[in-house]
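Results of the structural survey
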Amino acid sequence: MAGRFPQRPTRATVRGGHAGVPGTAGTPRRTAPARVRRWVPDGPLDLGLTLGPLRRGPADPTFRATADGSVWRACRTPAGPGTLRVRAYGGEVLGEAWGPGAGWLLEQLPELLGAADDPGAFVPRHRVVALARHRRPGLRLARTGLVLESLIPSVLEQKVTTDEAYRAWRLLVRRFGEPAPGPAGVGERPMSVMPAARTWALIPSWEWHRAGVDDKRASTILRAVRVAARLEQAAGMPPDRARARLEVVPGVGPWTSAEVVQRSHGAADEVTVGDLHLPRIVGWALAGDRDADDTEMLRLLQPYTGQRHRAARLILLSGHIPARRKPKMPWVDIGAL
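Residues numbered from 1 in each chain as written. Predicted model: local features only at pLDDT ≥ 70, side-chain atom pairs only at ≥ 80, totals over all residues. Heavy atoms only, no water.

Assigned secondary structure in the protein chain consists of 15 helices and 7 strands. For the protein chain, contacts bridging at least 24 residues in sequence account for 69% of all contacts bridging at least 6. Looking at the protein chain as shown, the accessible area adds up to about 15,200 Å², and 52% of this sits on carbon and sulfur atoms. (Helix = DSSP H or I, 4+ residues; strand = E, 2+ residues; numbered from the N terminus. Contact = heavy atoms within 4.5 Å. Areas by Shrake-Rupley, 256 points an atom, 1.4 Å probe, with all protein chains shown as cover.)

Below is the structure:
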């Protein structure tokens, strides 16, 4: 599910990040000035907790956090590629954007940061959940309004370790994406915008193999990008209808569609079913049952109907995770075969 585990306090997390503005060190290229928007949220806002689920691994080329508390995103918007930098200070949020998609990104800034979310509608029913909510009042559910940017990495995460999926996303975006507009797209560690739908469709089979992506996941992505325009329309639908449209694509099931709408729609009730770890974590936190399955998880989350995804995120952030009883899933690099 989105934001499966709490961020570790490393230099790559949204609370620390790499020092300095990404891409500005020693760059001769001059960038156009940023477009700016200021916005005042109607309550507490934690940028790290809100935007953290959009990051696909510590080296995600489309997402970066810096030591000054800024969060950077490189996106492919309906208006074209764009880069967004978000900072929060003094109860106000400052958004700066570059590229053809700058206007779209700034227009969507409040929704990205949870303006359409309603944390006040959530009523904790368990002490673990209540304590997690009390400790993290700034948690909002982000709504990106973009479907494909969540769908493709979610497909890459099917049936593999997160390390494998993050590596595949990183390699494919860096290889076939384009430099992020503005200062983030140049320098020693440039950010990248994910490839356009047509570019995904033209990636040769051997490049998928080198990235460690098997034929099943690659075929699912290829089927999805061929109907990319229809899938992006799902961003304007209610979450249940959006999920139904996504699941028309062979290879996209309930797990994947839930992972997408949690990010694209900020869907507060779309809990992930079919996850390897989530049922046991929820069962352990709410009932001391480390062997809970999806049916038991949904039963335990029933008191949170309408807010089940938020409840699951708070449980994950609580740290009440059962100790591992078996080795991690082995990582088989098919690109080396």
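The next point concerns the packing of helix H13 (residues 278–287) against helix H14 (residues 294–301). Relative orientation of the contacting elements H13 and H14 amounts to 45°, with a least axis distance of 9 Å. By the criterion of interaxial angle, the relationship of H13 to H14 is oblique. Between H13 and H14 lies a crossing of left-handed hand. Contacts between H13 and H14 involve Leu 278, Pro 279, Val 282, Gly 283, Leu 286 and Ala 287 on the former and, on the latter, Asp 294, Met 297, Leu 300 and Leu 301. (Axes fitted to C-alpha atoms, helices over the stretch in contact; angles between N-to-C directions. Parallel < 35°, antiparallel > 145°, perpendicular 65-115°, else oblique. Left-handed = near helix turned anticlockwise from the far one by under 90°.)

This part is about the sheet that holds strand S5 (residues 92–98). Reading across from one edge, S1-S5-S4-S3-S2 is the order of the 5 strands in this open sheet, with antiparallel pairing throughout. Each edge of the sheet is formed by a strand with only one pairing partner; in this case those strands are strand S1 (35–39) and strand S2 (63–65). Ignoring strand direction, the axes of neighbouring strands in this sheet form an average angle of 20°. In the sheet, strand S3 (residues 71–77) pairs with strand S4 (residues 80–89) via 7 bridges, with the strands oriented antiparallel. Bridge pairing links Ala 74 to Thr 83 in S4. (Pairing = 2+ DSSP bridges.)

This next bit is on empty space enclosed by the protein. Tallied over the entire structure, the rule returns 6 cavities of 30 Å³ or more. Approximately 130 Å³ is the volume attributed to the largest cavity. Leu 54, Thr 62, Arg 73, Glu 149 and Trp 169 are, among the 15 residues lining the largest cavity, the residues nearest its centre. Those elements giving two or more residues to the lining of the largest cavity turn out to be S3 and helix H5 (148–156). When residues in the lining of the largest cavity are grouped by element, the largest group, 4 residues, is from S3. (1 Å grid on protein atoms, 1.4 Å probe; cavity = no way out; pocket = protein on both sides within 12 Å on 5 of 7 lines; lining within 4 Å. Points joined across faces, edges and corners; volume = space filled by probe spheres on them.)

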